[in-house]
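So the chains spell out like this:
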There are 2 protein chains.
Amino acid sequence: MTTQQLLQQIQLKKSFLCIGLDVDVNKIPKHLLNSEDPIFEFNKAIIDATHDLCVSYKPNIAFYEAYGIKGWQSLQKTIQYLNTNYPGQFTIADAKRGDIGNTSSMYAKAFFEDLQFDSVTVAPYMGKDSVEPFLAFEDKHTIMLALTSNEGAFDFQTLETNGKELYKQVLETSKTWKNSENLMYVVGATKAEYFTEIRKIVPDSFLLVPGVGAQGGSLQEVCKYGMNANVGLLINSSRAIIYASNGEDFAQKAREEAEKLQLEMEKILTI
Amino acid sequence: MTTQQLLQQIQLKKSFLCIGLDVDVNKIPKHLLNSEDPIFEFNKAIIDATHDLCVSYKPNIAFYEAYGIKGWQSLQKTIQYLNTNYPGQFTIADAKRGDIGNTSSMYAKAFFEDLQFDSVTVAPYMGKDSVEPFLAFEDKHTIMLALTSNEGAFDFQTLETNGKELYKQVLETSKTWKNSENLMYVVGATKAEYFTEIRKIVPDSFLLVPGVGAQGGSLQEVCKYGMNANVGLLINSSRAIIYASNGEDFAQKAREEAEKLQLEMEKILTI
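Residues numbered from 1 in each chain as written. Chains lettered and ligands numbered in written order. Predicted model: local features only at pLDDT ≥ 70, side-chain atom pairs only at ≥ 80, totals over all residues. Heavy atoms only, no water.

The name given to chain A in an unreviewed UniProt entry is Orotidine 5'-phosphate decarboxylase, with the source organism recorded as Flavobacterium amnicola. The UniProt entry for chain A carries this comment under Pathway (unreviewed entry): "Pyrimidine metabolism; UMP biosynthesis via de novo pathway; UMP from orotate: step 2/2." Per UniProt, chain A carries the Catalytic activity (unreviewed entry) text "orotidine 5'-phosphate + H(+) = UMP + CO2". (UniProt positions renumbered as here; feature names shortened; annotations may be inferred.)

In structure tokens:
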């Protein structure tokens, strides 16, 4: 999917919502546990109930790997279900990978070719040759960590390097890499005031923003400082939507939570 | 496995060699491709031929994920084969994971509980709460990236922060984390002169050292600057050993390459 197609979906649906599929078997409704593949059944119901309110789904790969081969099967079925039934959705493998060149190539193959995701999240610590193998894929997107929404973000990401914070250096350096137009960035919503500075460095890039909802970030604030002329934001919400209820009405309740965010987004988009 | 048990294995075998299982189907001997699980058959043959010469095996998870469910099955069979037949081997899941707390917990569960690895490699960019969930596992080890062996290591790892390079700050900060005694560190062999500085910060920790062989690092140099009273080094070699031949003699040739390194190590250990 191209960035232009993503923008068209945003305009069509009046939403820039990404729903995070961080599916923990211990948190899903009990009645699903008797099915052959509870994680997939849960995802399928959530997707069917919310697809018109969001433009993106983001399976968090850890939650699938934790169940070994069974988890990997649930992941494969989920992405196939999305690609077959809702090809307009921008799919994100939230994997935060990054390794030396030939290894990163294998991760890129795993998520772009084998699983057919539109994008994958990566970590910047190993630098250029750990990220460029992902960028080499046409019409695929690589979403690099810049400033994350967790407490540990302040351990290293905000350290001063060459007179600027590390995450700013990461943003600047990444712009010099080959095919850097395929980059998007993870920027946590818990730090809305940082968006002004970030937009000076990457005015045109899409930013994937976790931390709205369960982690406490404000949608209004993020949009105020982070939005650009082409929207340029994907706001992720995971737990607040998918675990809105753990009863038989879980999909309906998830829809209601997604709709609240979509309506807020519609207001922001039509100002 | 405890660090003490690892040290006993090193003394017993007169080796601190780790063999990296970066298994690419396009590089393994053609005659294996007819078997049901070529990757596992390759690993099994390599392990059987080299187990008395090394103390550790390190499957590179990307190479398994690239083949989806089939790859994950090969990985599972490989770690089970190791744990069943060679329980003295220190097993490393080279995964370079790292995410917010609840996600890192799921990755830890995947590698420590589901797959039963002794250790996993992690990336430091997201800080304390992305690593501590791994450290919480008793008798398991978390091997954090400090200074890697690739070209991109110089993009961020060696930037000056607070008057010292970022990788030194990473080492220092990590020592303050809960259960930090379960930490080891990745330090690339291509930069042997850095080991002196690193040993000032982490004199007692084990260091996993990639980059000897294919990437050009020197074993002698690394040991000169990096070894401590308890050895404190695991030297990894992947391609130079496992792809020593792609004929029917591949396991024997792998053994010969491993033996060269083991004999060099024996000399160093008995000085």
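The subject of this paragraph is the interface of chain A and chain B. Accessible area lost on assembly of the parts is the figure often given for the size of an interface. Listed as interface residues are 56 residues of chain A and, on the opposing side, 56 residues of chain B. Surface buried jointly by chain A and chain B totals about 5000 Å² across both partners, of which 62% is contributed by carbon and sulfur atoms. Taken together, the links from chain A to chain B amount to four salt bridges. Lys96 of chain B is the salt-bridge partner of Asp99 of chain A, the closest N and O atoms lying 2.8 Å from each other. Counting across the interface, chain A meets chain B through 22 residue pairs in polar contact (both at pLDDT 80 or more). The element that contributes the greatest number of residues to the side of chain A that touches chain B is helix α5 (residues 101–114) of chain A, accounting for eight residues. Here the side of chain A that touches chain B is composed, by residue class, of 25 nonpolar, 17 polar and 14 charged. (Contact = heavy atoms within 4.5 Å. Buried area = accessible area lost by both parts, 1.4 Å probe. Salt bridge = Lys/Arg side-chain N within 4 Å of Asp/Glu carboxyl O. Polar contact = N/O pair within 3.5 Å; in protein donor to acceptor, adjacent residues only side chain to side chain. Helix = DSSP H or I, 4+ residues; strand = E, 2+ residues; numbered from the N terminus. Nonpolar A, V, L, I, M, F, W, Y, C, P; charged D, E, K, R; others polar.)

Structurally, Arg97 of chain B is set in strand β3 (residues 90–97). In terms of polar contacts, Arg97 of chain B uses its side chain to reach the side chain of Glu65 of chain B, at 2.8 Å. Contact partners of Arg97 of chain B, with chain neighbours within four places excluded, come to Glu65, Arg97 and Tyr107 of chain A together with Ile61, Glu65, Tyr107, Phe111, Thr121, Val122, Ala123 and Phe134 of chain B.

The operation relating chain A to chain B is a screw motion whose rotation component is 180°, with 0.0 Å of axial translation and a residual RMSD of 0.0 Å. In symmetry terms, the pair is related by a two-fold rotation axis. Within chain A, Thr161 of chain A has its C-alpha nearest the rotation axis, a separation of 2.4 Å. Both copies present the same face, since 100% of the interface residues in chain A are matched by interface residues at the equivalent positions in chain B. (Least-squares fit on C-alpha atoms with pLDDT ≥ 70 in both.)

The next subject is the environment of Gly101 of chain B. Residue and element names in this part refer to chain B. As for its placement among the helices and strands, Gly101 is situated in helix α5 (residues 101–114). Judged by its relative accessible area of 21%, Gly101 falls in the partly exposed class. Put simply, Gly101 and Asp114 are 13 residues apart on the chain and 18 Å apart in space, counted from C-alpha to C-alpha. If near-sequence neighbours (up to four positions away) are discounted, Gly101 is found in contact with Asp129 and Pro133. (Buried < 20%, exposed > 50% of the residue type's maximum accessible area, 1.4 Å probe, protein only.)

Attention now moves to the packing of aromatic side chains. Each pair of aromatic rings is reported with the distance of its centres and the angle of its planes. If you walk through the whole model with that rule in mind, you get 21 aromatic pairs over all chains. Every member of this aromatic cluster is reached through a ring pair, and the members are Trp72, Phe111 and Phe117 of chain A together with Trp72, Phe111 and Phe117 of chain B. (Phe/Tyr/Trp six-rings, centres within 6.5 Å; stacked < 30°, edge-to-face > 60°.)

Backbone-to-backbone hydrogen bonds join strands into a sheet, with any given pair of strands oriented parallel or antiparallel. All names here are of chain B. An order of β1-β2-β3-β4-β5-β8-β9-β10 is seen for the eight strands of this closed barrel, with the pairing classed as parallel. The mean angle between the axes of side-by-side strands here comes to 30°, regardless of whether they run parallel or antiparallel. Bridge analysis of strand β9 (residues 207–209) against strand β10 (residues 233–237) gives three bridges, and the strand direction is parallel. The residue bridging Leu208 from the neighbouring strand is Leu234, located in β10. (Pairing = 2+ DSSP bridges. Axes fitted to C-alpha atoms, helices over the stretch in contact; angles between N-to-C directions.)

It is possible for side chains bearing opposite charge to pair when their charged atoms get close. Taken as a whole, this structure holds 28 salt bridges over all chains when the rule is applied. Of the charged contacts in the structure, one is a salt bridge between Glu165 of chain A and Lys168 of chain A, with a shortest N-O distance of 3.2 Å. Lys168 of chain A carries the same exposure label as Glu165 of chain A, and that label is buried. One salt bridge in this structure joins Lys200 of chain B and Glu197 of chain B, with 3.0 Å as the shortest N-O distance. With a gap of three residues between them, Lys200 of chain B and Glu197 of chain B both fall in helix α9 (residues 195–201), about one helical turn apart.

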